[in-house]
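# Survey of secondary and tertiary structure
The residues making up each chain are set out below.
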Number of protein chains: 2
Amino acid sequence: MKPMSLQNSMFMVLEGRQQPMHVAALHIYTPPAGAGEDHVQQIFQGWRKHVKAGKPFNQRPVLSMGQWNWETDADFDVDYHLSHLALPRPGRIRELLMLVSRLHGALMDRSRPLWEAYLIEGLADGRFALYVKLHHALVDGVTGMRLVTSSLSENPGESKAPLWAARHSQTAPAWPAKSLAEKVVDAVQTGRNIIPGLGSGLLDLLRPADPDDARALPYQAPPSPLNVAISGSRRFVAQSYSLNRMRRIGKATGATINDVTLAVCAGALRRYLTARDSLPAKPLIAMVPVSLHGETGKGGNQVAIILANLATHVADPLDRLQRIVASTAAGKERLSSMARVEKIAHSAMMLSPMLPGMMTGRAGKRPAFNLVISNVPGPAGTLYLNGARLDEAYPVSIPVDFLALNITVSGCGDSLGFGFTACRRAVPALQRMVDYLDESFAELESALSAAPPGPAAKRSRRTAAASAVPEAGAAMAANAGRTPRRRAVRKTPPA
Amino acid sequence: MKPMSLQNSMFMVLEGRQQPMHVAALHIYTPPAGAGEDHVQQIFQGWRKHVKAGKPFNQRPVLSMGQWNWETDADFDVDYHLSHLALPRPGRIRELLMLVSRLHGALMDRSRPLWEAYLIEGLADGRFALYVKLHHALVDGVTGMRLVTSSLSENPGESKAPLWAARHSQTAPAWPAKSLAEKVVDAVQTGRNIIPGLGSGLLDLLRPADPDDARALPYQAPPSPLNVAISGSRRFVAQSYSLNRMRRIGKATGATINDVTLAVCAGALRRYLTARDSLPAKPLIAMVPVSLHGETGKGGNQVAIILANLATHVADPLDRLQRIVASTAAGKERLSSMARVEKIAHSAMMLSPMLPGMMTGRAGKRPAFNLVISNVPGPAGTLYLNGARLDEAYPVSIPVDFLALNITVSGCGDSLGFGFTACRRAVPALQRMVDYLDESFAELESALSAAPPGPAAKRSRRTAAASAVPEAGAAMAANAGRTPRRRAVRKTPPA
């Protein structure tokens, strides 16, 4: 029995029926040419034979003397963890997303290792899906996406052992990996020694907020329908867009792929809230994790956080994008002027006021920010599962009380997958978000084709700002410009 | 907002991830001749249009000032409650039971009315299934089975409104109906006035136990693998047998249908525990609810409880059956000598020691009984869902801590469906129970064909005992000898 870290224990403690604490990956595959109708059944039967699991897939949580521990499950039962499901007719993506929504809303059995894998057949186009659920106490979202991808092969002729049976010591980081919460707590502990350095951050909290100030600060965020207590049912919708399409917008405006991502989400959120007649007069504020990877030679996993002003109060899509660019640039600029430990501690300061608010319910009236939008590295290049080609990969994340919607994006080959995970009750009719995303994209593109090449001046200013923190800028664009050979080794924090 | 009764609130309070408190009905239907491939999809689309629900299907639980209440769900969302699922290939009953096991292990969302309905297509023989989950705080198992059946029709040409949209005031009892727990608490409260009448019951508790004594008393039950703390995953298996086959055994031995049911279960349990090398030397004791319906002219729902000695320590199947017959006869004889209120209070006495043991974990060392075996009235005659014929109906019940297996049987037409619901971890490889049931049946039948007509003498003795409590005997055989015209109006307590 090995004690669980205090920070990972928090995910056990904070978990409740209305707030499951698991993340997931959703993959969609095309079977190889000539595959029979029983292709998925064959994978399932093959995988079922792997009745033994390696770490962490054989570790179950045990509460002992008030402390959570991990212990090896002596009665490991692969038939509990692995399921074979099918979509009902007509077998569209809609049916897949409805099934995944339902699976994602169910708590796992705590008497077993905290993961579940579902092979799902029955898409009308002949493709199949894999949905893998992993508890956040086990791995964070980034590590989870990596683990799921690590059982794929670049060679269509190769069949690797499934996720739980693979040896992860080579391909994955040491387990348990430090979670975002752990890193933040580490930073706060370190930060105690440098309290004077945090002075400016404390002052920011008290400074009056101005919606047109590019710097987004905690408690500037307006109350919104996204910042309410949540229920136990989930809705998940997803959509992929070509990275080239996003690069074109970025090139024309001097924005990074992540700025374009934020802008497209901002446009969709503005439409969604307008349709619900509840668009706040002040802009929504997104918490955007950025990686500090590369700053040390050791390849650590430290993360920092910036708050991005989504300019959802602005109708013009180009103006909105430029304000987002200015806001993320200002956030990164602030980070660049800090020492490494200060950056992390500063981010901890922005995070820490959130928890008490979430506990007491005050977060609804004074949210620290309105939602989290994060970018999790996805698989690069073309990968295969027993010969079936991975077409789409989406992260499924965790809404929590007072943060009822989570947006996580992840690259897959030359496209970027947008995953929206929400409380089904607090954020109704989430499926419309996909239309709004489409419209938001189109609106931005048509505005660009009509606009004079004005943003160039702003672009150079932004580029200069970003160059002051090259590591953050590069990490934020982790999914852009990857070469097929290079696996996603850079980590952004969990969703 | 209407306060929930204290007793129904108990199902909310006792519920946890490892112990969901819902019951369910599983139906299997044959589509009408000429039905298309999209038959189930059409039912689903038709049902989805019923976006409004009547009581109790529109009532959600709300905790306010420490008290549970029911309130009308203003955001009732039929798409949350109704799902369309499909079985993976090869679409056998095995795949259906695996899916139902998984669905039954998931907690419902407490922010919504506590029911879920699943239309499941994809059985290889062209049939489809309906699984309806109802929280025990909403209805007990008996009422649940009745409600689900009430939306069916005797006329294959009729399409009734689905369960939640039907008007239940005519066909169902007043809601909320009193649950078993409520009735027991009522009885205990009434019993305070008749404490002297309970004297004999108290003495029984202290009398030394003798495994060959036909009277099964609380705390005679041996520790067994069925009496352990449970986990949050479920396994459900089911099998139907012809009532005529059971009647033949009953006729030859003087046993009621319920005695034969207990004997067949006892044989299966003996085989299961022997295979696990954990058959107790003392016989397993089953708690068997019996109905007192018919004793008053008012048609009340009062229930009483008898403890049946399952004689699992006896190898000979006929000897085992005769001991079960003697045990249930003795239990009913005791009931027959009591006044009505005494009977209920006596049953409350047998039940009440269970709860503290279950809370403190002592129940594993000294179980009051080893399992519950109950008989829930099922649909009589041939019923149709939009023209599809109901072939099989099974109750899915609630294992609780220290009662890891529940057996509930229910009639459907001329067969009796056996439903085994268990904690997947405490009662592993439950699917073998179906084979053991088959073997137990065959063993009994072959012993009968070999045996001389000896049991006739015992039969007359037993019949005499049963005739002293005709109402109890009749209720226990509620599923036998029903005429197709007569709907199951008699109630035995919830599973």
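The notes below deal with the structure included here. (Residues numbered from 1 in each chain as written. Chains lettered and ligands numbered in written order. Predicted model: local features only at pLDDT ≥ 70, side-chain atom pairs only at ≥ 80, totals over all residues. Heavy atoms only, no water.)

The subject of this paragraph is the overall build of chain A. Counting its secondary structure elements, chain A contains 15 helices and 15 strands. Expressed as a percentage of the 495 residues in chain A, the buried residues total 62%. Contacts spanning at least 24 positions in sequence make up 80% of the contacts within chain A whose residues lie at least 6 apart. Surface summary for chain A: the accessible area is close to 18,100 Å², and the carbon and sulfur share equals 55%. (Helix = DSSP H or I, 4+ residues; strand = E, 2+ residues; numbered from the N terminus. Buried < 20%, exposed > 50% of the residue type's maximum accessible area, 1.4 Å probe, protein only. Contact = heavy atoms within 4.5 Å. Areas by Shrake-Rupley, 256 points an atom, 1.4 Å probe, with all protein chains shown as cover.)

Another point: helix H2 (residues 39–48) of chain A. Among the residues of H2 of chain A, His39, Val40, Gln41, Ile43, Phe44 and Trp47 of chain A are the ones counted as buried. Residues of H2 of chain A that are buried in the fold lie against helix H3 (78–81), strand S5 (82–86), strand S6 (115–121), strand S7 (128–135), strand S12 (384–385) and strand S13 (388–396) of chain A.

Locating Asn258 of chain B in the fold gives a position in helix H9 (residues 257–275). Here the side chain of Asn258 of chain B touches Asn375 of chain B through a polar contact of 3.2 Å, side chain to side chain. (Polar contact = N/O pair within 3.5 Å; in protein donor to acceptor, adjacent residues only side chain to side chain.)

Quick look at the nonpolar core now. Leu26, Ile120, Leu310 and Leu405 of chain A together with Leu26, Ile120 and Leu405 of chain B are the most contacted members of the largest nonpolar core, which has 146 residues in total. In this structure Leu26 of chain A touches Leu96, Leu97, Val100, Ala129, Leu130, Tyr131, Phe236, Glu392, Ala393, Tyr394 and Val396 of chain A, once residues within four positions along its chain are discounted. (Core = buried A, V, L, I, M, F, W, Y, C linked by side-chain atoms within 4.5 Å.)

Further remarks concern the packing of aromatic side chains. Here the structure, examined in full by the defined rule, presents 18 aromatic pairs over all chains. Here the aromatic residues Trp47, Phe57, Phe76, Trp115 and Trp164 of chain A are joined through ring pairs into a cluster of three or more. Over the aromatic face of Tyr80 of chain B sits the side chain of Arg102 of chain A, whose NZ or CZ is 5.6 Å from the ring centroid. Note that Arg245 of chain B overlies the ring of Phe441 of chain B, its terminal NZ or CZ placed 4.4 Å from the centroid. (Phe/Tyr/Trp six-rings, centres within 6.5 Å; stacked < 30°, edge-to-face > 60°. Lys NZ or Arg CZ within 6 Å of the ring centre and 35° of its normal.)

Below, the discussion takes up the sheet that holds strand S4 (residues 67–72) of chain B. Residues and elements named next belong to chain B. Spatially, the 3 strands line up as an open sheet ordered S1-S4-S3, and their pairing is antiparallel. Looking at strand neighbours, the two that pair on one side only are strand S1 (2–3) and strand S3 (59–64), the edges of this open sheet. One ladder, built from 6 bridges, connects S3 with S4; its direction is antiparallel. Considered in S4, the bridge of Arg60 is made with Glu71. (Pairing = 2+ DSSP bridges.)

Another aspect to go through is the state of the cysteines. Disulfides are covalent bonds that link the sulfur atoms of two cysteine residues. Residue and element names in this part refer to chain A. Scanning all chains against the criterion turns up 0 disulfides over all chains. Free cysteine: Cys423, not disulfide-bonded; nearest cysteine sulfur from Cys265 at 19 Å. Its relative accessible area of 0% is what places Cys423 among the buried residues. (Disulfide = S-S within 2.5 Å.)

For the rest of this paragraph, the subject is the pairing of S13 of chain A. Residues and elements named next belong to chain A. The buried fraction of S13 is high, at 8 of 9 residues. Pairing of strand S2 (residues 22–30) with S13, which is carried by 7 bridges, proceeds in the antiparallel orientation. Note on S13: the bridge partner recorded for Thr30 is Arg389. Sheet topology note: the S12/S13 ladder contains 2 bridges and is antiparallel. Along S13, the bridge assignment pairs Tyr384 with Arg389. The loop that links S12 with its antiparallel partner S13 comprises 2 residues; one of these, Asn386, has a positive phi angle of about 45°.

Below, the discussion takes up the relation of the copies chain A and chain B. Of the two same-sequence chains, chain A is brought onto chain B (RMSD 0.0 Å, axial shift 0.0 Å) by a rotation of 180°. A rotation of that kind, with that shift, is consistent with a two-fold axis. Considering only C-alpha atoms, the residue of chain A closest to the rotation axis is Ala86 of chain A, which sits at 2.6 Å. The residues that chain A uses at the interface reappear at the interface of chain B in 100% of cases, marking a shared surface. (Least-squares fit on C-alpha atoms with pLDDT ≥ 70 in both.)

Residues and elements named next belong to chain A. The contact between helix H9 (residues 257–275) and helix H10 (residues 317–336) brings their axes to 9 Å, and the two run at 130°. The orientation of H9 with respect to H10, classified from their angle, is oblique. As H9 packs across H10, the resulting crossing turns out to be right-handed. In contact with Asp259, Val260, Leu262, Ala263, Ala266, Gly267 and Arg270 of H9, H10 contributes Arg320, Leu321, Ile324, Val325 and Thr328. Residues of the contact of H9 with H10, tallied by class, amount to 7 nonpolar, 2 polar and 3 charged. (Axes fitted to C-alpha atoms, helices over the stretch in contact; angles between N-to-C directions. Parallel < 35°, antiparallel > 145°, perpendicular 65-115°, else oblique. Left-handed = near helix turned anticlockwise from the far one by under 90°. Nonpolar A, V, L, I, M, F, W, Y, C, P; charged D, E, K, R; others polar.)

Turning next to the side chain of Arg235 of chain A. Tracing the backbone shows Arg235 of chain A in strand S8 (residues 234–242). Within polar-contact distance, the side chain of Arg235 of chain A engages the side chain of Gln431 of chain A at 3.3 Å.

Bringing the pattern of salt bridges into the picture now. All names here are of chain B. Counted by the stated rule, this structure contains 42 salt bridges over all chains. In this structure, Glu445 and Arg245 form a salt bridge, with 2.8 Å as the shortest nitrogen-oxygen distance. In this pair, Glu445 sits in helix H13 (residues 432–450) while Arg245 sits in helix H8 (residues 243–253), placing the two residues 200 residues apart along the sequence. Residue classification places Glu445 among the partly exposed positions, given a relative accessible area of 25%. (Salt bridge = Lys/Arg side-chain N within 4 Å of Asp/Glu carboxyl O.)

With that settled, the discussion passes to the interface of chain A and chain B. Taken together, the contacts link 35 residues of chain A with 35 residues of chain B. Taken together, the two surfaces of chain A and chain B that pack against each other cover about 3,200 Å², and 42% of this comes from carbon and sulfur. Among the residues chain A hides against chain B, the three largest losses belong to Arg89, Arg102 and Arg425 of chain A. Together they make up 25% of the total. Summed over the shared surface of chain A and chain B, the number is 8 salt bridges. (Buried area = accessible area lost by both parts, 1.4 Å probe.)

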